[in-house]
Amino acid sequence: MLEADKVFAGSIPENYDRHMVPLIFEPYAADLSARAAAFSPGAVLETAAGTGVVTRALASKLSSDARYVVTDLNQPMLDFAASRQGPDSRITWRQADALKLPFDDGAFDLVCCQFGAMFFPDRPAAYREAKRVLKPGGHFLFSVWDRIEENILADDVTNALARIYPHDPPRFLARTPHGYHDKALIHRDLEVAGFSDVTIDTRAEQSRASSPRIPAVAYCQGTVLRSEIEARDPGGLEAATDYAAAAIAERHGHGAVAAKIQAHIIVAIA
Ligand SMILES: C[S@@+](CC[C@H](N)C(=O)[O-])C[C@H]1O[C@@H](n2cnc3c(N)ncnc32)[C@H](O)[C@@H]1O
């Protein structure tokens, strides 16, 4: 992962929430929030909460006296999340690095994190922090994307951009969001951090959009891929997006698009 891969700021929060969230994050947020609520936690910490897709799904499922602390490294993502959430006295918004959590030992029953671990520069360190702030027996519930070849539209866009920039292809999607899918490595990182009881469930969903242009805009303009395209060609974002849309249309047709996405959902007990 490059340093720039974890900077979700500028126009990214709004574009991420508008385009990426409905395309690939909502189905997994519904699943993760149901799994989280099934533990009936009294005190919940969410890390790398982004624009709050899990927060919106989970808050309504928690008990009226629950405490829900929602964090992200990037304040602009958290500001966007807070602006989309109705008033809720159970929720505290706080900027925090998952590798250095500003919370006491044993403060939470559940730590949850959807599609954040791929961005952590030292995963065992982040997992040690999750374990430290959990009560003994508490649950660490998180998800990561499977390899890019199992996530069809992300792969299509990456391959299309490689044809435009053959000498320096923008590899953000393959490198970072889809760069941490090895289940044996995830197990090992959790064990190094002190978790012993680990289960990993691989779950496929469908990513759906009403036209090929929607996923092209989502990936090219709502992720760090945008900065990678602009770095190669400052005025080239629209042309690159059009090219990616044409590549998706060629493979999936010009109408509504549906394609496989796949992720690992992990539960570890502290
Ligand atoms: C792909 S987004 C996922 C956001 C959200 N959980 C979702 O499902 O839409 C990754 C998030 O990780 C955050 N992030 C990156 N590095 C982080 C760190 N060290 N600690 C906490 N959050 C981090 C980013 O700011 C971004 O919001």
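The following refers to the structure shown. (Residues numbered from 1 in each chain as written. Predicted model: local features only at pLDDT ≥ 70, side-chain atom pairs only at ≥ 80, totals over all residues. Heavy atoms only, no water.)

Some remarks on the environment of Val157
Working step 1: With respect to the secondary-structure elements, Val157 resides in helix α5 (residues 152-164).
Working step 2: The buried category is assigned to Val157, whose relative accessible area is 0%.
Working step 3: Once the C-alpha coordinates of Val157 and Ala204 are considered, the two residues, 47 residues apart in sequence, prove to be 19 Å apart.
Working step 4: Among all residues touching Val157, those that are not within four sequence positions of it are Tyr219, Cys220, Leu225, Ala244 and Ile248. (Helix = DSSP H or I, 4+ residues; strand = E, 2+ residues; numbered from the N terminus. Buried < 20%, exposed > 50% of the residue type's maximum accessible area, 1.4 Å probe, protein only. Contact = heavy atoms within 4.5 Å.)

With respect to the site of the ligand
Working step 1: Taken together, the neighbourhood of the ligand is formed by 19 residues, with Tyr16, Ala48, Asp72, Asn74 and Gln114 sitting nearest.
Working step 2: The separation between an oxygen atom of the ligand and a polar side-chain atom of Tyr16 is 2.5 Å.
Working step 3: Ala98 places a polar main-chain atom, nitrogen or oxygen, 2.9 Å from a nitrogen atom of the ligand.
Working step 4: In the complex, the protein chains occlude 98% of the 600 Å² of accessible area that the ligand would expose alone.
Working step 5: Across the shell around the ligand, the residue classes break down as 14 nonpolar, 3 polar and 2 charged. (Near = heavy atom within 4 Å. Polar contact = N/O pair within 3.5 Å; in protein donor to acceptor, adjacent residues only side chain to side chain. Areas by Shrake-Rupley, 256 points an atom, 1.4 Å probe, with all protein chains shown as cover. Nonpolar A, V, L, I, M, F, W, Y, C, P; charged D, E, K, R; others polar.)

Structural notes on the sheet that holds strand β2 (residues 67-72)
Working step 1: Here 7 strands make up an open sheet; going across it, the order is β3-β2-β1-β4-β5-β7-β6 and the pairing mixed. Across the chains shown, the open sheet's two edge strands, defined by having one partner strand only, are β3 (91-95) and β6 (197-209). Each strand of the sheet is rotated relative to its neighbour by a mean of 20°, with strand direction disregarded.
Working step 2: On the sheet, helix α7 (residues 183-192) packs against β5 (134-145), β6 and β7 (257-269) and is oriented at approximately 135° with respect to β6. (Pairing = 2+ DSSP bridges. Axes fitted to C-alpha atoms, helices over the stretch in contact; angles between N-to-C directions.)

So, helix α9 (residues 225-232)
Working step 1: Listing the buried residues of α9 in full gives Leu225, Arg226, Glu228 and Ile229. Relative to the axis of α9, the buried residues are bounded by an arc of 165° and lie together on one face. (Arc of directions from axis to C-beta.)

Description of empty space enclosed by the protein
Working step 1: A complete count under the given rule lists 1 cavity of 30 Å³ or more for this structure.
Working step 2: Estimated volume of the largest cavity: approximately 60 Å³.
Working step 3: Considering the residues around the largest cavity, the lining is formed by Thr47, Ala98, Leu101, Val111, Cys113, Phe120, Ala126, Tyr127, Ala130 and Phe140.
Working step 4: Elements represented by at least two residues in the lining of the largest cavity include exactly β4 (108-114) and α4 (123-133).
Working step 5: The dominant element in the lining of the largest cavity, judged by the number of residues it contributes, is α4, at 3 residues. (1 Å grid on protein atoms, 1.4 Å probe; cavity = no way out; pocket = protein on both sides within 12 Å on 5 of 7 lines; lining within 4 Å. Points joined across faces, edges and corners; volume = space filled by probe spheres on them.)

Structural notes on the nonpolar core
Working step 1: Counting 89 residues, the largest nonpolar core has Tyr127, Phe140, Phe142, Leu190 and Tyr219 as its most contacted members.
Working step 2: Beyond its immediate stretch of four places on either side in the chain, Leu190 contacts Tyr127, Phe140, Phe142, Phe195, Val198, Ile266 and Ala268. (Core = buried A, V, L, I, M, F, W, Y, C linked by side-chain atoms within 4.5 Å.)

Brief notes about the packing of α4 against α7
Working step 1: Two numbers describe how α4 lies on α7: the axes approach to 8 Å, and their chain directions differ by 55°. When the interaxial angle is binned, α4 and α7 end up oblique. Like other packed secondary-structure pairs, α4 and α7 cross with a definite hand, here right-handed. Here Arg123, Pro124, Tyr127 and Arg128 of α4 lie close against α7, whose contacting residues are Asp189, Leu190 and Val192.
Working step 2: A breakdown of the residues in the contact of α4 with α7 according to their chemical character gives 4 nonpolar, no polar and 3 charged. (Parallel < 35°, antiparallel > 145°, perpendicular 65-115°, else oblique. Left-handed = near helix turned anticlockwise from the far one by under 90°.)

Let's talk about the pattern of salt bridges
Working step 1: Using the criterion set out here, one finds 18 salt bridges in the structure.
Working step 2: Glu150 is the partner of Lys260 in a salt bridge, and the nearest nitrogen-oxygen pair spans 2.5 Å. Placement of the pair is Lys260 in strand β7 and Glu150 in the loop between β5 and α5, with a sequence separation of 110 residues.
Working step 3: The partly exposed category is assigned to Lys260, whose relative accessible area is 28%.
Working step 4: Salt bridges here are not isolated pairs; linked through shared partners, they connect Asp31, Arg35, Asp201, Arg203 and Glu205. (Salt bridge = Lys/Arg side-chain N within 4 Å of Asp/Glu carboxyl O.)

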